[in-house]
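# Reading the structure
Residue-level listing of the chains:
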Amino acid sequence: AADGGRPVPGDGTDPPAPERVLFPPTFSVSEIKNKQRRHFMFVRWKQQQRKEKLALKKKRRKEREALGDKAPPKAIPKTIENQRVYDETTVDPNDEEVAFDEATDEFAPYFNRQTVPKILITTSDRPRGRTVRFCEQLATVIPNSHVYYRRGLALKRIIPQCIARDFTDLIVINEDRKIPNGLVLSHLPDGPTAHFRMSSVRLRKEIKRKGKEPTEHVPEVILNNFTTRLGHSIGRMFAALFPHDPQFIGRQVATFHNQRDYIFFRFHRYIFKSEKKVGIQELGPRFTLKLRSLQKGTFDSKFGEYEWIHKRREMDTSRRKFHL
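Residues numbered from 1 in each chain as written. Predicted model: local features only at pLDDT ≥ 70, side-chain atom pairs only at ≥ 80, totals over all residues. Heavy atoms only, no water.

The chain goes by Ribosome production factor 1 in an unreviewed UniProt entry, where it is assigned to Vireo altiloquus. In its Subcellular location (unreviewed entry) section, UniProt records this for the chain: "Nucleus, Nucleolus". Its UniProt record gives the chain the following Function (unreviewed entry) comment, quoted word for word: "May be required for ribosome biogenesis." (UniProt positions renumbered as here; feature names shortened; annotations may be inferred.)

The secondary structure content of the chain amounts to seven helices and 11 strands. For a compact globule of 324 residues, the expected C-alpha radius of gyration is about 20 Å, and the chain comes in at 31 Å, more than 25% above that figure. With the C-alpha coordinates of the chain rotated into their principal frame, the extents come out at 120 × 50 × 45 Å. Counting over 324 residues, the chain shows a buried share of 34%. Across the chain, contacts joining residues at least 24 apart in sequence account for 64% of those joining residues at least 6 apart. (Helix = DSSP H or I, 4+ residues; strand = E, 2+ residues; numbered from the N terminus. Rg over C-alpha atoms; globule rule 2.2 N^0.38 Å. Buried < 20%, exposed > 50% of the residue type's maximum accessible area, 1.4 Å probe, protein only. Contact = heavy atoms within 4.5 Å.)

A full pass over the atoms with the stated rule returns 11 salt bridges. Residue K321 is joined to D87 by a salt bridge in which the shortest nitrogen-to-oxygen separation is 4.0 Å. A residue pair is termed long-range when its members are at least 10 positions apart, and K321 in the segment after α7 (312–315) and D87 in the loop between α1 (35–67) and α2 (96–104) qualify at 234 residues. On the accessibility criterion, D87 (6% relative accessible area) is buried. R236 serves as the salt-bridge partner of D105, at 3.0 Å between the closest nitrogen and oxygen. Remark: R236 occurs in helix α6 (residues 229–239) and D105 occurs in the loop between α2 and α3 (108–111); sequence separation between them is 131 residues. (Salt bridge = Lys/Arg side-chain N within 4 Å of Asp/Glu carboxyl O.)

Before going further, it helps to examine the pairing of strand β4 (residues 179–187). Within β4, seven of the nine residues are buried, leaving the element largely enclosed by the surrounding structure. Inspection of the sheet shows strand β3 (residues 169–176) paired to β4 by eight bridges, in the antiparallel sense. Counterpart to E175 in the pairing with β4 is P180. Between β3 and β4, which pair antiparallel and follow one another directly, the connecting turn spans two residues, one of which, R177, has a positive phi of 55°. The sheet contact formed by β4 and strand β5 (residues 193–202) spans five bridges and is antiparallel. Each residue of the ladder has a partner; that of S186, found in β5, is T193. (Pairing = 2+ DSSP bridges.)

Below, the structure written as structure tokens:
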């Protein structure tokens with residue numbers, strides 16, 4: 001250095017650049033001790049996320065408008081449904097073996113129009129008011145159905161009486177703590193019998209913006225996403241509850257929608273507002289079913305042979321694995 005040790009610019013003795021300051025890792029909002037401050041920071045962070053997401057959406061939309069017909073197709077979002085694990089029992093509509101089995105199973109007389117559905121709806125012993133009202137409303141949804149009360153009779157005694165009186169199906173609504181929580185559906189006279197867990201029951205008065213009382217017209221039936229062999233059996237059980245040839249003048253639709261093995265039931269009335277627009281009104285009741293077991297033959301809790309039983313620890317190993 002020419003001036004007492006100080007480095008001269010350009011002589012190769014420039015001081016080293018200052019070291020980069022290392023900041024601590026990103027501070028987590030959950031570490032804030034003050035509850036109000038923590039909530040404020042969390043709300044502000046969510047708002048910032050929404051702004052960034054909206055800005056990105058606008059940017060992509062402008063890019064697609066600029067490209068016009070050359071724009072790439074929209075990406076399909078990943079959901080649990082479209083990431084479903086393949087099931088080897090998924091039914092092919094052209095499978096001859098499936099067609100033969102369905103032509104010879106217990107529901108074949110119904111689909112061949114040899115029998116007319118006649119349903120008996122009953123309850124567990126000493127039902128409470130909510131369960132009774134649910135059965136009465138269910139009887140207005142399913143044509144040619146009759147509500148009777150158990151009066152202490154065992155199902156093994158009820159089933160022979162149903163068969164003698166030409167009933168084709170038996171529905172039993174179970175309850176726990178005054179709330180309907182189970183449904184047993186037995187196809188007569190030879191089965192099968194399905195046991196469902198019931199949840200999210202809503203009666204007509206509990207549904208907002210509901211339509212007027214349903215009429216006595218035979219409704220249309222929609223069965224969605226019953227794709228496996230087990231799902232086909234359950235779908236055929238539901239279909240066999242309703243008569244053939246729906247009366248379209250009533251504009252009523254009963255829907256069984258399977259999503260992630262939960263069966264959502266809805267009852268609607270529709271009206272055509274124009275050639276392209278259709279309005280719907282929910283009539284109720286509504287409920288959700290989860291299959292617990294499918295048993296061969298009629299109900300037999302001791303010696304019944306089961307086709308399928310839901311075992312949570314063995315079957316629910318993946319969220320993307322479905323059985324219906």
